[in-house]
Amino acid sequence: EDQVTQSPEALRLQEGESSSLNCSYTVSGLRGLFWYRQDPGKGPEFLFTLYSAGEEKEKERLKATLTKKESFLHITAPKPEDSATYLCAVQAEDNYGQNFVFGPGTRLSVLP
Amino acid sequence: NAGVMQNPRHLVRRRGQEARLRCSPMKGHSHVYWYRQLPEEGLKFMVYLQKENIIDESGMPKERFSAEFPKEGPSILRIQQVVRGDSAAYFCASSPMGGGQPQHFGDGTRLSIL
């Protein structure tokens, strides 16, 4: 069964204090790993797709990396507006339904 | 607005009533997915549809729940005879193709059962 775990569950940072969020996954064959940001009362907002180990994607203060077992979302010099829940999801190669399996998320708070 | 549109945003029903949730995918997207998010829990897959076809409903309860995506009009998630445990946020997502493409989400319908 495909599984996704995320750590930490919650993270509080001071503005400018860089850190990383972890997403560990177990899947028979990875078709893609996806990072989303979710604000309270909103739907998940797509950030990145990673397809193979060694791949990296970057956008503003965020950088996502991928290995065969986990992905990291690195946040450099975060600002209060980066506060949100960050979700990781995987799609398996043999998943005929093509649905995503989501992790529980990491709640990030960035204090000014 | 080119995003995924869901309505209503909030829906209140009494036990035993029916709930209908609607989703209009992004323009050009023919793949629709429904997910449910319970408080303090992650998003759970329910059903995957393409126009006029249910491709995978393995995450949807066998009873009381149904979904459709007609040739014309939005996708509908229908919950009959609602119970308290159906209270949750229901999210719809769409993608232009399957297989490895990111899914784009609407802002959900928050269903409350009295």
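Residues numbered from 1 in each chain as written. Chains lettered and ligands numbered in written order. Predicted model: local features only at pLDDT ≥ 70, side-chain atom pairs only at ≥ 80, totals over all residues. Heavy atoms only, no water.

Caption draft 1: Structural context of the sheet that holds strand S8 (residues 75–79) of chain B. Residue and element names in this part refer to chain B. What the 4 strands build is an open sheet, ordered S1-S3-S8-S7; its pairing is antiparallel. Where the open sheet ends on each side, the last strands, each with one partner, are strand S1 (5–7) and strand S7 (65–68). Along the sheet, successive strands turn relative to each other by an average axial angle of 15°, direction set aside. Here 3 bridges tie S1 to strand S3 (residues 19–24), and the two strands are oriented antiparallel to one another. Bridge pairing in S3 links Asn7 to Arg22. (Pairing = 2+ DSSP bridges. Helix = DSSP H or I, 4+ residues; strand = E, 2+ residues; numbered from the N terminus. Axes fitted to C-alpha atoms, helices over the stretch in contact; angles between N-to-C directions.)

Caption draft 2: Local environment of the environment of Ser58 of chain B. Residue and element names in this part refer to chain B. Assignment of secondary structure puts Ser58 in the loop between strand S6 (53–56) and S7. For the pair Ser58 and Val47, spaced 11 residues apart in sequence, the C-alpha separation works out to 6.7 Å. When sequence neighbours within four positions are dropped, the list of residues in contact with Ser58 reads Phe45 and Met46. At 2.8 Å, the side chain of Ser58 forms a polar contact with the side chain of Asp56. (Contact = heavy atoms within 4.5 Å. Polar contact = N/O pair within 3.5 Å; in protein donor to acceptor, adjacent residues only side chain to side chain.)

Caption draft 3: Representation of the sheet that holds strand S3 (residues 19–26) of chain A. Residues and elements named next belong to chain A. What the 5 strands build is an open sheet, ordered S1-S3-S8-S7-S6; its pairing is antiparallel. At either end of the open sheet lies a strand with only one pairing partner, and these are strand S1 (3–7) and strand S6 (56–59). Within the sheet, the average angular offset between the axes of one strand and its neighbour, ignoring direction, is 15°. Bridge count for S6 against strand S7 (residues 62–66) is 4 bridges, and the pairing is antiparallel. Bridging across to S7, Glu58 finds its partner in Lys63.

From the geometry alone we can't say anything about function, so treat these as descriptive.
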